[in-house]
Amino acid sequence: MTEHTKEPSRVAAGLKAAIHNPNVSEEARARAMEKLKEMGQDVEPAEEPQPAHVPEESTRVLAGYKATLSNPHTSPEAKAHAEEVLQAAGILERHPEHTDEEHQTRVLAGYKAALHNPRVSDEAKKHAREYLEEHGIEA
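Residues numbered from 1 in each chain as written. Predicted model: local features only at pLDDT ≥ 70, side-chain atom pairs only at ≥ 80, totals over all residues. Heavy atoms only, no water.

Trainee: Explanation requested: the overall build of the chain in the structure shown.
Mentor: Scanning the chain for helices and strands turns up six helices and zero strands. Helices (α) and strands (β) of the chain occur, in sequence order from the N terminus, as α-α-α-α-α-α. Expressed as a percentage of its 139 residues, the buried residues of the chain come to 18%. Pairs at least 24 residues apart make up 36% of the contacts formed inside the chain by residues separated by at least 6 positions. Counting only carbon and sulfur atoms, one obtains 51% of the accessible surface of the chain, whose full area is about 11000 Å². (Helix = DSSP H or I, 4+ residues; strand = E, 2+ residues; numbered from the N terminus. Buried < 20%, exposed > 50% of the residue type's maximum accessible area, 1.4 Å probe, protein only. Contact = heavy atoms within 4.5 Å. Areas by Shrake-Rupley, 256 points an atom, 1.4 Å probe, with all protein chains shown as cover.)

Below is the structure:
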């Protein structure tokens, strides 16, 4: 049986990531810094990280804006406003080379994939079929 050894550069990268991760406890950060010192790595302590917590209500509001973008019954003005809000929140960053047509193609492909995914609920598959039919796609 061969012995599994860890690549020191990857271990160091993981420890550095832990030090800068806002969801890691102070105790774990201190252990990671100590381990890096033992490995001969120099590391600057991270600035006091802020947890990446978004209140549930804000998450739901932003999800509503995201849904607005996909709703075929929403006005162009409403979609533009939703896109502005999502970009300001750092959630929507559409690739500048992707057109609306490419985006719609990917959305339709996602719904088609959902129909064949055994982990998707019957209710979600029903929604996917309805969405595809609304867009002239046989499901």
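Having put the structure on the table, let's press on.
Trainee: Looking at this structure, how should I read helix α6 (residues 122–134)?
Mentor: In an α-helix there are 3.6 residues to a turn, and that puts residues three or four apart on one side. With 13 residues, α6 should cover 18 Å at 1.5 Å per step; its first-to-last C-alpha distance of 18 Å lies within 8% of that length. The set of residues buried in α6 consists of Lys125, Ala128, Tyr131 and Leu132. Along the axis of α6, the buried residues cluster in a sector spanning 120°; they form a single face. Away from the buried face of α6 by more than 90 degrees, exposed residues Asp122, Glu123, Lys126, Glu133 and Glu134 are located. (Expected span 1.5 Å × (residues − 1). Arc of directions from axis to C-beta.)

Trainee: Just to check I follow, could you spell out the side chain of Thr68 for this structure?
Mentor: In this fold, Thr68 is placed in helix α3 (residues 56–70). For Thr68, the side chain forms a polar contact with the main-chain oxygen of Gly64, separated by 2.9 Å. With near-sequence residues (within four places) excluded, Thr68 lies in contact with Thr74, Ala78, Lys79 and Ala82. (Polar contact = N/O pair within 3.5 Å; in protein donor to acceptor, adjacent residues only side chain to side chain.)

Trainee: Would you explain the pattern of salt bridges in this entry?
Mentor: Pairing between side chains of opposite charge can happen when their charged atoms approach one another. The tally for this structure, following the rule as stated, stands at three salt bridges. A salt bridge links Arg31 to Glu27; the nearest nitrogen and oxygen atoms lie 3.0 Å apart. Note that Arg31 and Glu27 are positioned in helix α2 (residues 26–38) at a spacing of four residues, about one turn of the helix. One exposure class covers both Arg31 and Glu27, and it is exposed. Across the pair Glu130 and Lys126 runs a salt bridge, and its minimum N-O distance is 3.8 Å. You can see Glu130 and its partner Lys126 sitting in helix α6, four residues apart, about one turn around the helix. (Salt bridge = Lys/Arg side-chain N within 4 Å of Asp/Glu carboxyl O.)

Trainee: For this particular structure, what's the right way to read the environment of Pro72?
Mentor: Within the fold, Pro72 resides in the loop between α3 and α4 (76–88). Separated by 63 residues in sequence, Pro72 and His135 place their C-alpha atoms 9.0 Å apart. Sequence-distant contacts of Pro72, defined by excluding residues within four places in its chain, comprise Lys79, Glu134 and His135.

Trainee: Looking at this model, I keep getting lost on the packing of helix α1 (residues 8–20) against α2. Mind explaining?
Mentor: Each packed pair of helices is defined by two parameters, the angle between the axes and the distance between the axes. It is at 9 Å that the axes of α1 and α2 come closest, and there the two elements cross at 145°. Helix-helix and strand crossings are classified by hand; for α1 and α2 the assignment is left-handed. Contact residues: α1 offers Ala12, Leu15, Lys16, Ala18 and Ile19, while α2 offers Arg29, Ala32, Met33, Lys35 and Leu36. (Axes fitted to C-alpha atoms, helices over the stretch in contact; angles between N-to-C directions. Left-handed = near helix turned anticlockwise from the far one by under 90°.)

Trainee: Please explain the packing of helix α5 (residues 100–116) against α6 as it appears in this structure.
Mentor: Look at α5 against α6: their axes get within 9 Å of each other, and the N-to-C directions meet at 140°. If you check the angle between α5 and α6, you find them oblique. Of the two elements, α5 crosses α6, and the hand of that crossing is left-handed. Each of Gln104, Val107, Leu108, Tyr111, Lys112, Ala114 and Leu115 in α5 lies in contact with α6, whose residues at this interface are Lys125, His127, Ala128, Arg129, Tyr131 and Leu132. When the residues that make up the contact of α5 with α6 are grouped by side-chain class, the tally is eight nonpolar, two polar and three charged. (Parallel < 35°, antiparallel > 145°, perpendicular 65-115°, else oblique. Nonpolar A, V, L, I, M, F, W, Y, C, P; charged D, E, K, R; others polar.)

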